[in-house]
2 protein chains.
Amino acid sequence: MRTAIVLEMPTWSALALDGLRAAGLRRGGARRAVVEYLGAQDCCCSAQEIREGIAASGSAVGVASVYRALDTLAELRLVQRVDVGDGVARFEPVRADHHHHHHLVCDDCGRVAPFTDEPLERALERAAGRLGYTLEQHDVVLRGACDDCRRGLAPPGA
Amino acid sequence: MRTAIVLEMPTWSALALDGLRAAGLRRGGARRAVVEYLGAQDCCCSAQEIREGIAASGSAVGVASVYRALDTLAELRLVQRVDVGDGVARFEPVRADHHHHHHLVCDDCGRVAPFTDEPLERALERAAGRLGYTLEQHDVVLRGACDDCRRGLAPPGA
DNA sequence: ATACGTGCAAAGTATTTGCAAACGG
DNA sequence: CCGTTTGCAAATACTTTGCACGTAT
């Protein structure tokens, strides 16, 4: 008898809110807004982006609250901080189910793109094992020129 | 007739100073001091650390000059910026000859330790190739507990 | 001699913190 | 209702910039 157990893939937002509850934390305005905004993104975003994104959808939260929410979520291992070298901290959901991804940073226009690579993932795990290191988090940042910049196109953003 | 061509392994400092000259840049006080300090380190250090290190050896340079020197060196690909997630930019020599290393960051005490792993290195190159990406720089930051912290020892620094 | 480099201090950003008010449970 | 959470604004930390002077070439 087969049952459709895996059909429900809870969103990261739902998982994160559960995580907050499990930790005995409240999910009022700011915290919830941050979780919901992050859950809708597919790559990392800065605190400012999060704040603006939330503002764009009607509500408004203080920057401080965004940082505090991110801090809390990071402690619970629900979000991961990603540093791409521009002095701005970025954050992204840690999705257990989803494939982990890493980051390509364009040296030219500064844009950040996600990528996944299974062999790399395995190499990382083996490396950690070899070092006797319990891998809590990891992040690979590769730098180079993105497709757009390589082709001499002006970056759309700036 | 064999000549002892490879016996001289020029220090990174020497290479960096050459690089500066090649770029038509001067190597006066601050720039030279930064290069010499960095060349003597085996892992990444922050601008403040560099400044203090230089101060400790007699000379004194302004923070601004350290940042400017690092900026210049980074543009020449002589140093690489390393971000370990504590909001402080760190920098380290790019040693062509030497084996590239990556970073282990202790989630507990925050210390940064270098490590090398050949298979990981190869996996990175293959991944970049697979992505059609010209790898200019890369940095892997692994997070977890360092040996000291795992053993419940108090971190020596703080 | 002269343009490049440097130091100082002031300015600019990103992030954190203190505190009273708001609100979730 | 009560203690957590939030927003605001002030504080902090890091990094950058302007400008006058010093110095390598």
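It should be emphasised that the depicted structure is a prediction, and the values quoted were computed from it without experimental measurement. (Residues numbered from 1 in each chain as written. Chains lettered and ligands numbered in written order. Predicted model: local features only at pLDDT ≥ 70, side-chain atom pairs only at ≥ 80, totals over all residues. Heavy atoms only, no water.)

Asker: What am I meant to see in the sheet that holds strand β6 (residues 137-144) of chain A here?
Answerer: In a beta sheet, neighbouring strands are held together by backbone hydrogen bonds and run either parallel or antiparallel to one another. In spatial order, the strands read β5(A)-β4(A)-β6(A)-β6(B)-β4(B)-β5(B); together these six strands make up an open sheet with mixed pairing. Strand pairing shows two members of the sheet lacking a second neighbour, β5 (112-115) of chain A together with β5 (112-115) of chain B, which therefore form its edges. The sheet shows a mean angle of 25° between the axes of neighbouring strands, taken without regard to direction. By the bridge criterion, seven bridges tie β6 of chain A to strand β6 (residues 137-144) of chain B in an arrangement that is antiparallel. Residue pairing in the sheet places Gln137 of chain A in a bridge with Arg143 of chain B of β6 of chain B. Of the strands in this sheet, β4 (102-106), β5 and β6 of chain A together with β6 of chain B touch helix α5 (residues 118-130) of chain A, which is tilted by about 130° from β6 of chain A. (Pairing = 2+ DSSP bridges. Helix = DSSP H or I, 4+ residues; strand = E, 2+ residues; numbered from the N terminus. Axes fitted to C-alpha atoms, helices over the stretch in contact; angles between N-to-C directions. Contact = heavy atoms within 4.5 Å.)

Asker: Would you mind showing me how to read the relation of the copies chain A and chain B here?
Answerer: To go from the first copy of the chain to the second, apply a rotation about an axis and then a shift along the same axis. With an RMSD of 0.1 Å, the operation that places chain A on chain B is a rotation of 180° combined with a shift of 0.0 Å along the axis. This pairing of chains is accounted for by a two-fold axis. Closest approach to the rotation axis among the C-alpha atoms of chain A is made by Val140 of chain A, whose C-alpha sits 2.3 Å away. Of the interface residues in chain A, 100% have counterparts in chain B that sit at the interface too, so the contact is made through matching surfaces. (Least-squares fit on C-alpha atoms with pLDDT ≥ 70 in both.)

Asker: Can you help me understand the interface of chain A and chain B in this one?
Answerer: Interface size, as often reported, equals the accessible area lost upon joining of the parts. Listed by partner, the interface residues are 35 residues for chain A and 35 residues for chain B. Roughly 2700 Å² of surface becomes buried between chain A and chain B when both sides are summed, with 58% attributable to carbon and sulfur atoms. Of all residues in chain A, the largest losses of buried area upon contact with chain B belong to Tyr133, Leu142 and Arg143 of chain A, amounting jointly to 21% of the total for that side. At the boundary of chain A with chain B, the tally comes to four salt bridges. Between Asp117 of chain B and Arg130 of chain A there is a salt bridge, and its shortest N-O distance comes to 2.5 Å. One can count 14 residue pairs in polar contact (both at pLDDT 80 or more) joining chain A with chain B. Listed by contribution, the elements that provide at least two residues to the side of chain A that touches chain B are β2 (79-83), β4, α5 and β6 of chain A. Residues of the side of chain A that touches chain B, tallied by class, amount to 17 nonpolar, seven polar and 11 charged. (Buried area = accessible area lost by both parts, 1.4 Å probe. Salt bridge = Lys/Arg side-chain N within 4 Å of Asp/Glu carboxyl O. Polar contact = N/O pair within 3.5 Å; in protein donor to acceptor, adjacent residues only side chain to side chain. Nonpolar A, V, L, I, M, F, W, Y, C, P; charged D, E, K, R; others polar.)

Asker: Even after reading the chapter, I still don't get the pattern of salt bridges, so can you show me in this structure?
Answerer: Side-chain pairs of opposite charge can arise where the charged atoms are in close proximity. Taken as a whole, this structure holds 18 salt bridges over all chains when the rule is applied. Across the salt bridge formed by Asp86 of chain B and Arg90 of chain B, the nearest N and O atoms sit 2.9 Å from each other. What makes Asp86 of chain B partly exposed here is its relative accessible area of 38%. A salt bridge links Arg122 of chain B to Glu118 of chain B, with the nearest nitrogen and oxygen atoms 3.8 Å apart. Of the two residues, Arg122 of chain B and Glu118 of chain B both sit in helix α5 (residues 118-130), four residues apart, roughly one turn of that helix. Through salt bridges with shared partners, one network takes in Arg77 and Glu136 of chain A together with Asp107 and Arg143 of chain B. (Buried < 20%, exposed > 50% of the residue type's maximum accessible area, 1.4 Å probe, protein only.)

Take it as geometry only, folks, not as evidence of what the structure does.
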